[in-house]
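Residues per chain, in single letters:
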There are 2 protein chains.
Amino acid sequence: MADPQRLSINQITVKNWDLEQTAAGLARHGIGGIGLWVDKVEEVGLPRAVEIVRSHDLSVSSICRAGFFTEPTGNGAVSDDNRRAIEIAHETGADCLYIVCGGLGPDNDLRGARQRSQDGLAAMAEVARDAGVALALEPLHPMMAAERGVVVTLDQALDMAEAVGDDVGVAVDSYNVWWDPRLDAAIQRAGEKVISYQICDWLVPQPHPLFGRGIPGDGVIDLTALGASVDATGYSGPIEVEIFNEEVWASDPDDVLDAVAAGFARV
Amino acid sequence: MADPQRLSINQITVKNWDLEQTAAGLARHGIGGIGLWVDKVEEVGLPRAVEIVRSHDLSVSSICRAGFFTEPTGNGAVSDDNRRAIEIAHETGADCLYIVCGGLGPDNDLRGARQRSQDGLAAMAEVARDAGVALALEPLHPMMAAERGVVVTLDQALDMAEAVGDDVGVAVDSYNVWWDPRLDAAIQRAGEKVISYQICDWLVPQPHPLFGRGIPGDGVIDLTALGASVDATGYSGPIEVEIFNEEVWASDPDDVLDAVAAGFARV
């Protein structure tokens, strides 16, 4: 059974709350970890976000998200958005900053988009290193390859992270990787490069490709086995629940936190 | 440019036509290949289906589809449906019979479902061998892992096919495999085990996860490069266009065939 002390809630799970409401809500439910989104931080301003997080004694498990290296930007330079995300991760003391590489880009060149991702990650890692921020490269589900993320397997993310340097990690998100026949081997290969672990469930039937993720325990992913594989790497950090789901978003966020905590305890 | 002589049309692309209409339609458009679906064959009866195919001098590039080893059946025995599909492939002289392994099954056990697929494939291969029918194991897109196919990469399909024996092949379907960072390596590894090649395109934005496939050339898959990789294995057989798309199905099938032939020539 998952240690309730490891539960962290990604802000998107209670999307309709702002940061103040979320921090207060997590306190009511005795949850000590939060995953922040850049836009939700900007909504209240970074200094105030830091105050809110500190005053509720919350541990920031991640910042979502930066990257998007495949969009046309400025000649491989680190974008202002990516520099700002690093600053937010630094100021909030987040465990890591999530990196999503972006989709095919305007020329629909898969190979080129992957190369731009590799180059963009390398450039960004230098800035992050100077700021003492850990980057967590996240493979997305292959169904998002065209529009959101050309990095689609944990092995591919590891190849890229290793090419950049020892201080770039990877994120394991159950929804994105559960189907991979090489998953156990890739997690084992990753070892201490696993620096973040997010969970949600795959519902059957799938209500919606993007906004149909399930509360842990409500779907078909063997989260108990996956958690054991992740823990076997030595990872003992937060387990962040991140749910994109229109039905969940339409519910009372306090009820959602109750359901998530109950599901979390089951898996 | 693709050789128009290699174009074959999967029946699902012109779903609203029955076999007689499809055969006549293909003749009108000068297309010599057809991929048959079991249910469309049963609709007219197998003997009549054979007559229709022969009288129009059509070459049958594939039968879709058999397998579904992960559903509860009879103790690993080859199901009547699978035996019948083999008979249909034999009688119609099809190049191959597509094998889709099935989803997680009632117990949501991914590892178990993959083992049942391996065992089911082995049992079915014996029956197919006796009938002189080639099985083409098809990896499905990972987004279908839960509900339709736990075999999701070409490498995984090759591992399974190799474990069964030299006479089990694999099918490459552009929609299912285009995202895979290991695709080129896996196709090269497959070599002469590639016994069928199906194409359609991945549309952006994706209209629907299952029924939003595009006419070749309308989406983001580099079908020219993929075709070159497949041909480099020595494969010189039919290129079958298989499109699941509600908008395509709502169109006049003669217009669809015109559009498919034009798209095919472009890629």
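Residues numbered from 1 in each chain as written. Chains lettered and ligands numbered in written order. Predicted model: local features only at pLDDT ≥ 70, side-chain atom pairs only at ≥ 80, totals over all residues. Heavy atoms only, no water.

A short note on the pairing of strand E7 (residues 194-199) of chain A
Residues and elements named next belong to chain A.
Then, number 1: By the criterion of burial, E7 is predominantly enclosed, with five of the six residues buried.
Then, number 2: With four bridges joining them, strand E6 (residues 168-173) and E7 adopt parallel strand pairing. Paired with valine 172 across the bridge in E7 is tyrosine 197.
Then, number 3: Here three bridges tie E7 to strand E10 (residues 239-241), and the two strands are oriented parallel to one another. Residue glutamine 198 lies in a different strand from E10, and its bridge partner there is glutamate 240. (Buried < 20%, exposed > 50% of the residue type's maximum accessible area, 1.4 Å probe, protein only. Helix = DSSP H or I, 4+ residues; strand = E, 2+ residues; numbered from the N terminus. Pairing = 2+ DSSP bridges.)

Focus on the sheet that holds strand E7 (residues 194-199) of chain B
Sheet strands pair via backbone hydrogen bonds, and the direction of the pair is either parallel or antiparallel.
Residue and element names in this part refer to chain B.
Then, number 1: Taken together, eight strands build a closed barrel; the order of strands is E1-E2-E3-E4-E5-E6-E7-E10 and the barrel is parallel. Each neighbouring strand pair of the sheet contributes to a mean axis angle of 30°, computed without reference to strand direction.
Then, number 2: Across three bridges, the pairing between strand E1 (residues 7-10) and strand E2 (residues 33-37) is parallel. Note that in E2 the partner of serine 8 across the bridge is glycine 33.
Then, number 3: This element, helix H6 (residues 154-164), spans strand E5 (135-137) and strand E6 (168-173) of the sheet and lies at about 165° to E6. (Axes fitted to C-alpha atoms, helices over the stretch in contact; angles between N-to-C directions. Contact = heavy atoms within 4.5 Å.)

Section: the relation of the copies chain A and chain B
Then, number 1: Superposition of chain A onto chain B requires a rotation of 180° combined with a translation of 0.0 Å along the rotation axis, giving an RMSD of 0.0 Å. One copy is carried onto the other by what is essentially a two-fold rotation axis.
Then, number 2: Of all interface residues in chain A, 100% are interface residues in chain B too; the two copies therefore contact each other through one and the same surface. (Least-squares fit on C-alpha atoms with pLDDT ≥ 70 in both.)

Observations concerning the interface of chain A and chain B
How big an interface is tends to be expressed through the accessible area that disappears when the partners come together.
Then, number 1: Contact with chain A, which involves 25 residues of that partner, is made by 25 residues of chain B.
Then, number 2: Approximately 2000 Å² of surface area, both sides summed, lies buried where chain A meets chain B, with 66% of it carried by carbon and sulfur atoms.
Then, number 3: Counting every contact that joins chain A to chain B gives two salt bridges.
Then, number 4: A salt bridge links B:Asp184 to A:Arg111; the nearest nitrogen and oxygen atoms lie 2.9 Å apart.
Then, number 5: At the boundary of chain A and chain B, one finds six residue pairs in polar contact (both at pLDDT 80 or more).
Then, number 6: Of the residues forming the side of chain A that touches chain B, the biggest block, three residues, is contributed by helix H5 (residues 110-131) of chain A.
Then, number 7: Residue composition of the side of chain A that touches chain B, by class: 15 nonpolar, five polar and five charged. (Buried area = accessible area lost by both parts, 1.4 Å probe. Salt bridge = Lys/Arg side-chain N within 4 Å of Asp/Glu carboxyl O. Polar contact = N/O pair within 3.5 Å; in protein donor to acceptor, adjacent residues only side chain to side chain. Nonpolar A, V, L, I, M, F, W, Y, C, P; charged D, E, K, R; others polar.)

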